[in-house]
2 protein chains.
Amino acid sequence: MTKTRTASFQAIKTEILGKIKNGYWNPGDIIPGEESLAESYGCSRVTVNRALRELAEEGFVERRRKSGTRVSLNTSRDARVQIPIVREEIENKGATYRYELILNEEVVAPTDVCRKMNLQKGVKALHIKCLHLADEVPYQFEDRWINLDHVPAARETDFSEVSPNEWLVRKEPFSEAEHTFSAMLADEETANMLEIEKGDALFVVERRTWREKNSITSVKLSFPGASYKMTTRG
Amino acid sequence: MTKTRTASFQAIKTEILGKIKNGYWNPGDIIPGEESLAESYGCSRVTVNRALRELAEEGFVERRRKSGTRVSLNTSRDARVQIPIVREEIENKGATYRYELILNEEVVAPTDVCRKMNLQKGVKALHIKCLHLADEVPYQFEDRWINLDHVPAARETDFSEVSPNEWLVRKEPFSEAEHTFSAMLADEETANMLEIEKGDALFVVERRTWREKNSITSVKLSFPGASYKMTTRG
DNA sequence: ATTGATATTATGTACATACATAATACGTCA
DNA sequence: TGACGTATTATGTATGTACATAATATCAAT
């Protein structure tokens, strides 16, 4: 058992993580208790506790009272994806952002939208279509529905100036969201908008947004598959 | 300022999060210091510290010494994606998993693979292609390269029995990975393998795996875009 | 044997306290 | 005015202590 000089929870974290990564402890193995680790690292149990707690949050170990701490069996991988605001994504690439409103009307929501947004059948909702361009090249086509019951202010908003996404982010900053990624072939409308061929590949992100169980918006974002990639960090 | 009865860091977390979500504190606002919160919640500063620290980790607030804690401007959204092992993904759907090895040869890696895996030009690597089926229907086509310098044991492994992914997960459980998602059109080989048409949409996950800066493997996983969706939790 | 009460144990949380550290504010000196 | 050192301040971390809680182990009663 190696002994470290300093006794910071960070150092202990990396120390333990190292032993996990280099196979000193294998998946499924039980690692020593907090008390005993504290002693061998020459620090208090609380410090070891924090190190182990964070390692558990990060998925390296699993902890159970009475049983102890064991190295995770690590069956699935967790990846964090950052889903930026289009404008920032484009500007970060050094390109000029432009936004174009295509459609903005209050209509009865179709069945699939009602289902996704938990709407009563026959209820009207705000339907918005718009296009985001990078250096005048179509970058993302957005097809959105907004629940007017929970976001009535959307009715009086001029979406030819602000994109609905940025408006909503400011209006409902801390809503919950679910994202779905998929690939599909471009239909005629989307192809026209993105200036690609019908039948080209699309990378599609669908996002549903809620605030305290109340559906706020549902949006389908289409990217030209040939040029778009989404990468995880870490 | 509402006063909670119990003084647990969890309760304080939800209390503060509530005030952020319902707009009592807006993005950019500074929230009271730990000391003052501790007093108003009737607990110690350490407890408030933990609540705020976790809120910061979760992205709701940003903290800086001396300046204090402020509500995040929340410009981009973070989503966590779970990338499961194919076999488990299929079995969790209640389908029967089958695996088929298509190709397994040690050859000179092409330029793009060398670049991705940081290999010397002209170096040999292990090239594996295989297919994962759910109830005998092709589900995922896998095209993988393994760095034999860092995983020499792969040379003597019989990949007709174990899939390379599962073998690697057991061999190198805590490696780092980078994932890239994209959409493309199926080429002839992939279409044949997945029993779809050439030109159909593919959802593609590319994963590069490292262990302490050493490239281990690089894999391209292709799913029929029409049937595959990947969804985030939380 | 099965059940149920009880002891044991490892982790989980809380607190008072102390010191560390980063960033800002401020006042002095040139 | 501007540069630089110092005080101030809010967060960051560490420790000893205490009690809470969940899960297992143990043992007695039926």
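Here the structure is a predicted model, which is why all the values come from computation and not from measurement.

Looking now at the overall build of chain A. Across its full length, chain A holds seven helices and eleven strands. Taken against the 2.2 N^0.38 rule, which gives 17 Å for 234 residues, the C-alpha radius of gyration of chain A at 25 Å runs more than 25% over that of a compact globule. The principal-axis extent of the C-alpha atoms belonging to chain A is close to 65 × 35 × 30 Å. In chain A, buried positions account for 32% of the 234 residues.

Bringing the protein's contact with DNA strand C into the picture now. Near DNA strand C lie 23 residues; those nearest to it are A:Gly33, B:Ser8, B:Cys43, B:Ser44 and B:Thr47. For the surface near DNA strand C, the elements supplying multiple residues, two or more each, are helix H2 (34-41), helix H3 (45-57) and strand E3 (68-71) of chain A together with helix H3 (45-57) of chain B. Within the surface near DNA strand C, the residues separate by chemical class into five nonpolar, eight polar and ten charged.

What follows covers the relation of the copies chain A and chain B. Note on the copies: chain A fits chain B at an RMSD of 0.1 Å, the axial shift is 0.0 Å, and the rotation between them is 180°. With respect to symmetry, the two chain copies, as superposed, fit the operation of a two-fold axis. The C-alpha atom lying nearest the rotation axis in chain A is that of A:Arg80; the distance is 2.3 Å. A high fraction, 100%, of the interface residues of chain A reappear at the interface in chain B, so the copies pair face to face through one surface.

Turning next to the sheet that holds strand E2 (residues 61-64) of chain B. Residue and element names in this part refer to chain B. Pairing within the open sheet is antiparallel, and its three strands lie in the order E1-E3-E2. Of all strands in the sheet, those with a lone pairing partner are strand E1 (30-31) and E2, marking the two edges. Docked against the sheet, H3 engages E2 and strand E3 (68-71), running at close to 115° with respect to E2.

To continue, consider the sheet that holds strand E6 (residues 124-134) of chain B. Reading across from one edge, E11(A)-E8(B)-E9(B)-E10(B)-E7(B)-E6(B)-E5(B) is the order of the seven strands in this open sheet, with antiparallel pairing throughout. Two strands close off the open sheet at either side, each with one partner strand: strand E11 (229-231) of chain A together with strand E5 (97-108) of chain B. Averaged over all neighbouring strand pairs, the angle between strand axes comes to 15°, with direction disregarded. The sheet contact formed by strand E8 (residues 176-185) of chain B and strand E9 (residues 201-211) of chain B spans ten bridges and is antiparallel. By the bridge assignment, B:Ser182 is partnered in E9(B) with B:Val204.

Topologically, B:Asp112 is positioned in helix H5 (residues 111-117). Expressed as a C-alpha distance, the spacing of B:Asp112 and B:Arg50, which sit 62 residues apart in the sequence, is 46 Å.

Residues and elements named next belong to chain A. Examined against the element boundaries, valine 219 turns out to sit in strand E10 (residues 214-224). Since 19 C-beta atoms lie within 10 Å of it, valine 219 is described here as partly exposed. A C-alpha to C-alpha distance of 6.5 Å links valine 219 and arginine 208, two positions eleven residues apart in sequence. Beyond its immediate stretch of four places on either side in the chain, valine 219 contacts Glu142, Asp143, Arg144 and Arg207.

Here the focus is the interface of chain A and chain B. Listed by partner, the interface residues are 38 residues for chain A and 39 residues for chain B. Taken together, the residues of the side of chain A that touches chain B sort by class into 20 nonpolar, eleven polar and seven charged. Strand direction decides the pairing type here: E11(A) and E8(B), joined by three bridges, are antiparallel. Opposite A:Met230, over in E8(B), you have B:Phe181 as the bridge partner.

Turning our eyes to something else, we now look at the protein's contact with DNA strand D. The full set close to DNA strand D counts 23 residues, and A:Ser8, A:Cys43, A:Ser44, A:Thr47 and B:Gly33 are the nearest of them. Counting only elements with at least two residues in the surface near DNA strand D, the list comes to H3 of chain A together with helix H2 (34-41), H3 and E3 of chain B. Of the residues in the surface near DNA strand D, the class split is five nonpolar, eight polar and ten charged.

Interface size is commonly expressed as the accessible surface area that is lost when the partners come together. The domains assigned to chain A are domain 1 (9-71) and domain 2 (86-224). Between domain 1 of chain A and domain 2 of chain A, the C-alpha centre-to-centre distance is 45 Å.

Rules behind the numbers
Residues numbered from 1 in each chain as written. Chains lettered and ligands numbered in written order. Predicted model: local features only at pLDDT ≥ 70, side-chain atom pairs only at ≥ 80, totals over all residues. Helix = DSSP H or I, 4+ residues; strand = E, 2+ residues; numbered from the N terminus. Rg over C-alpha atoms; globule rule 2.2 N^0.38 Å. Buried ≥ 20, exposed ≤ 12 C-beta atoms within 10 Å, placed from the backbone. Near = placed C-beta within 6 Å. Nonpolar A, V, L, I, M, F, W, Y, C, P; charged D, E, K, R; others polar. Least-squares fit on C-alpha atoms with pLDDT ≥ 70 in both. Contact = placed C-beta atoms within 7 Å. Pairing = 2+ DSSP bridges. Axes fitted to C-alpha atoms, helices over the stretch in contact; angles between N-to-C directions. Domains from an automatic or database assignment.

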